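Overview (structure and organization)
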Amino acid sequence: MNVRDIPDEWWKCISTARHAMDDYIPGPNEDRGPNYGRTFHNRCLLCTTTRRVTIDVMGQIVESRYDWPDGYREARKEARLEYSTDDMRLEHMRRVRAARKERDL
Ligand SMILES: [Zn+2]
């Protein structure tokens with residue numbers, strides 16, 4: 001994927017190395033984690049990456065897993081090759097300004 005084609009929703013996550021995670025209940029055909037301990041599910045409101053963390057009765061994390069949307073990790077890798085961390089933030093700001101300008105037209 002060309003870096004310029006990375007969706008804005010993904011770009012915010014990629015450029016900040018953070019996700020906007022919310023609680024999430026997996027669907028009937030989705031992986032719910034192991035059959036022991038307690039599993040917590042989160043999903044990013046922007047890029048749809050999911051995180052699953054399972055803790056045991058002692059509170060220890062026994063499993064932690066991320067699942068990214070198709071193409072996300074490749075896009076992130078390309079972005080990191082092409083942009084410095086500072087340049088990623090500048091590109092993020094450019095996209096925010098462009099979206100604001102588009103919205104105000
Ligand atoms: Zn995200």
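Above this text sits the structure in question.
The paragraphs below set out a description of the structure included in this document. Sequence positions are assigned chain by chain, starting from 1 and proceeding in written order. Where totals are concerned, whole chains, interfaces and linings use all residues; where local detail is concerned, this predicted model gives features only for residues with pLDDT of at least 70, and gives and counts side-chain atom pairs only at 80 or more.

**Quick word on the overall build of the chain**
In this description a helix means any DSSP run of H or I spanning at least four residues, a strand means any run of E spanning at least two, and both kinds are numbered starting from the N terminus. Helix and strand content of the chain: three helices and four strands. Helices and strands appear in the chain in the N-to-C order α-β-β-β-β-α-α. Atoms counted for the radius of gyration: C-alpha only. Globule rule: 2.2 Å times the number of residues to the power 0.38. Here the C-alpha radius of gyration of the chain, 17 Å, is well above what a compact globule of 105 residues would show, namely 13 Å. Viewed in the frame of its principal axes, the chain has a C-alpha envelope of about 50 × 30 × 25 Å. The burial tally for the chain puts 15% of its 105 residues in the buried class. The long-range fraction of contacts in the chain, counting pairs at least 24 apart against all pairs at least 6 apart in sequence, stands at 45%. Put simply, a residue is buried when 20 or more other C-beta atoms lie within 10 Å of its own C-beta and exposed when 12 or fewer do; between those, it is partly exposed, and each C-beta is set from the backbone. Residues are defined as contacting one another if the C-beta atoms placed from their backbone atoms lie within 7 Å.

**A few points about the sheet that holds strand S2 (residues 38-44)**
Within a beta sheet, neighbouring strands are joined by backbone hydrogen bonds and run either parallel or antiparallel to one another. In short, DSSP must find at least two bridges between two strands for them to pair. If you trace the four strands from one edge of the open sheet to the other, you get S1-S2-S3-S4, paired in antiparallel fashion. At either margin of the open sheet sits one strand with a lone partner, and together these are strand S1 (21-23) and strand S4 (61-67). Across this sheet, the average inter-strand angle for adjacent strands is 25°, counted without regard to direction. Pairing analysis gives six bridges linking strand S3 (residues 50-55) to S4, with the strands arranged antiparallel. Looking at S4, one finds that threonine 50 is bridged to aspartate 67. Here an axis means a line fitted to C-alpha atoms, over the contact stretch when the element is a helix, while the angle between two N-to-C directions is reported on a 0 to 180 degree scale.

**Some points on the environment of aspartate 31**
Relative to the elements of secondary structure, aspartate 31 occurs in the loop between S1 and S2. Aspartate 31 sits in the partly exposed class, given 13 other C-beta atoms within 10 Å. Each C-alpha atom of the pair aspartate 31 and glycine 59 lies 21 Å from the other, and the pair is 28 residues apart in sequence.

Read these as layout, nothing more, since geometry by itself doesn't imply function.
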